[in-house]
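Descriptive structure summary
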Amino acid sequence: MSKLAKKVALVTGGSRGIGAAIAKRLAADGASVAITYAKDASAASAVVRAIELGGGKAIAIQADAANVEAVKGAVEKAVSTFGRLDVLVNNAGTAIPKPFEEATQEEMDRVIDINVRGVFATTQAALKHMKEGGRIIMVGSAVGERAVAPGLVPYAATKGAVKMFTQALSREVGSRGITVNNVQPGPIDTDLNPASGDWAIPQKAATALDRYGRVEEIAAMVAFVAGAESSYITGANLTVDGGMNA
Ligand code: NDP
């Protein structure tokens, strides 16, 4: 029997990059998967189609993570479509790399709204439906623990907030048999952080493995945390960074 058979997962920002890989992997493990996206409906539909072609079930929901009513609606839509919610993956996130003193208030607000406010709102809405065995999983960042390069000050601060959110929430919902964990990627080749170009050189050099990671390498950790075998792991920050923070 598939590891996540009969389980329902919601992956925010699941139309591209790490979130798309997570959605496909959870579906391959047997879960029915709802993904959210902000702008690109065709990329979201392509993920749904890929999952359906593999014999799985998926839906895509347009919901900007910065819009509290939209994310609440996405949780309700996932539950009304698939009947329950077992796994929430708070993956939607963004960075606006530049020197801190040049960042506008609007840019900083946007990073906070998506990376922190959206995570709070989505998690609160999801917890209403979660039962024993539920899994709340954040996609934080290795820079939420250790800032390896300049240019990511507000982003690193939001991912540090995600780290403590994870630890604090694990204390509140543990008695209900719900775990809360934070998967912290290092440099992963996506549209947000392409493995080529000037910006990639110091990040690659900072890893022990001397390479960028692949989206599937993050999805593998998320799948483990989503499954039954991770039942005694909670409040943990699980770094998957090629040794960047070693
Ligand atoms: P991408 O920019 O490649 O993909 C982002 C995904 O999230 C897309 O599906 C996008 O959909 C969606 N999205 C973007 N903004 C919003 C929003 N406001 N509301 C809902 N969905 C949104 O990013 P990555 O895959 O690289 O990053 C995913 C997560 O991993 C983020 O939290 C990021 O901080 C984290 N991370 C990434 C690292 C990396 O090196 N790539 C390293 C460490 C952490 P649409 O196209 O419709 O906007």
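Residues numbered from 1 in each chain as written. Predicted model: local features only at pLDDT ≥ 70, side-chain atom pairs only at ≥ 80, totals over all residues. Heavy atoms only, no water.

**Quick notes on the pairing of strand β2 (residues 32-37)**
Burial analysis of β2 places 6 of its 6 residues in the buried class, which makes it a mostly covered element. Inspection of the sheet shows strand β1 (residues 8-11) paired to β2 by 4 bridges, in the parallel sense. Paired with Val 11 across the strands is Ile 35, a residue of β2. With respect to chirality, the unit in which β1 leads through helix α1 (residues 17-28) into the neighbouring parallel β2 is right-handed. (Buried < 20%, exposed > 50% of the residue type's maximum accessible area, 1.4 Å probe, protein only. Helix = DSSP H or I, 4+ residues; strand = E, 2+ residues; numbered from the N terminus. Pairing = 2+ DSSP bridges. Right-handed = clockwise from strand over helix to strand, strands pointing away.)

**Topic: the site of the ligand**
The environment of the ligand is made up of 30 residues, and the closest members are Ser 15, Lys 39, Asn 91, Tyr 155 and Thr 190. Against a free-state accessible area of 900 Å², the protein chains account for coverage of 94% of the ligand. Cavity membership is defined here by more than half of the atoms lying within 2 Å of grid points; on that basis the ligand lies in the largest pocket. Here the residues of the shell around the ligand sort into 13 nonpolar, 10 polar and 7 charged. (Near = heavy atom within 4 Å. Areas by Shrake-Rupley, 256 points an atom, 1.4 Å probe, with all protein chains shown as cover. 1 Å grid on protein atoms, 1.4 Å probe; cavity = no way out; pocket = protein on both sides within 12 Å on 5 of 7 lines; lining within 4 Å. Sits in = over half its atoms within 2 Å of the grid points. Nonpolar A, V, L, I, M, F, W, Y, C, P; charged D, E, K, R; others polar.)

**Focus on the packing of α1 against helix α7 (residues 215-226)**
For the pair α1 and α7, interaxial distance at closest approach is 8 Å and the crossing angle is 50°. By the criterion of interaxial angle, the relationship of α1 to α7 is oblique. Every pair of crossing elements has a handedness; the one defined by α1 and α7 is right-handed. Along the contact surface, α1 presents Gly 17, Ile 18, Ala 21, Ile 22, Arg 25 and Leu 26, while α7 presents Val 215, Glu 216, Ile 218, Ala 219, Ala 220, Val 222, Ala 223 and Ala 226. Its residues assigned to classes, the contact of α1 with α7 shows 11 nonpolar, 1 polar and 2 charged. (Axes fitted to C-alpha atoms, helices over the stretch in contact; angles between N-to-C directions. Parallel < 35°, antiparallel > 145°, perpendicular 65-115°, else oblique. Left-handed = near helix turned anticlockwise from the far one by under 90°. Contact = heavy atoms within 4.5 Å.)

Coordinates in, geometry out; function isn't part of it.
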